[in-house]
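For reference, the chains in residue letters:
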Amino acid sequence: ESRAEKSTSQITQNESRIQELAQMKTLMTQGIDSKSHLSGNSDGMKEMEGLARNLQSRLSVLEKNKAQRDRQDSAIVNAKAGIGHLREKLSILPDELNVDNIDSIQS
């Protein structure tokens with residue numbers, strides 16, 4: 001599997017994970033809003049706080065992964081551009097060096 005395919009696969013995985021985390025965040029926010037008036041249920045609030053911390057840590061990991069993916073994507077684009085540039089430069093060489101006539105020189 002090439003780097004471009006891996007990067008595309010990782011992008012797809014990250015996007016699906018973003019959607020999952022957004023849904024979790026929505027559900028947690030709704031849960032906190034509905035439980036905020038229940039001050040007597042401290043166990044539920046502690047659980048919600050733990051889930052909120054877990055969500056925040058996962059979101060920070062997700063952001064780091066997105067930044068890494070962006071850097072990888074940029075590196076791939078730059079590499080492709082560099083290869084294209086070198087290909088253009090090297091395509092000029094056979095004419096200048098008369099490389100096509102090497103067979104006639106060797107005979």
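In this text the structure is predicted, and so the values were computed from the model without any measurement.

About the thresholds
- Residues numbered from 1 in each chain as written.
- Predicted model: local features only at pLDDT ≥ 70, side-chain atom pairs only at ≥ 80, totals over all residues.
- Heavy atoms only, no water.
- pLDDT = per-residue confidence, 0-100.
- Helix = DSSP H or I, 4+ residues; strand = E, 2+ residues; numbered from the N terminus.
- Salt bridge = Lys/Arg side-chain N within 4 Å of Asp/Glu carboxyl O.
- Buried < 20%, exposed > 50% of the residue type's maximum accessible area, 1.4 Å probe, protein only.
- Core = buried A, V, L, I, M, F, W, Y, C linked by side-chain atoms within 4.5 Å.
- Contact = heavy atoms within 4.5 Å.

**Q** I would appreciate a short explanation of the confidence of the model for the chain in the present structure.
**A** When pLDDT is averaged along the chain, the result is 77, and 74% of the positions lie at 70 or above. Mean pLDDT in the chain bottoms out at helix H3 (residues 102-106), which sits at 50, and peaks at helix H2 (residues 42-97), which reaches 83.

**Q** Would you explain the pattern of salt bridges in this entry?
**A** Close approach of charged atoms allows side chains of opposite charge to pair. Tallied over the full model, the rule gives 4 salt bridges. A salt bridge links Glu-20 to Arg-17, with the nearest nitrogen and oxygen atoms 2.7 Å apart. Highlighted residues: Glu-20 and Arg-17, both in helix H1 (residues 3-35), separated by 3 residues, approximately one helical turn. Overall, Glu-20 belongs to the partly exposed group, its relative accessible area being 40%. What makes Arg-17 partly exposed here is its relative accessible area of 26%. Through salt bridges with shared partners, a single network forms among Arg-69, Asp-70 and Asp-73.

**Q** Is there a simple way to explain the nonpolar core in this structure?
**A** The tendency in soluble globular proteins is for nonpolar side chains to be buried side by side. Listed in full, the 5 residues of the largest apolar core are Leu-21, Met-28, Met-48, Leu-55 and Leu-62. Mapped onto this core, the elements with two or more residues apiece are H1 and H2. Of all the elements, H2 adds the most residues to this core, at 3 residues. Not counting chain neighbours up to four residues away, the residues in contact with Leu-21 comprise Leu-55, Arg-58, Leu-59 and Leu-62.

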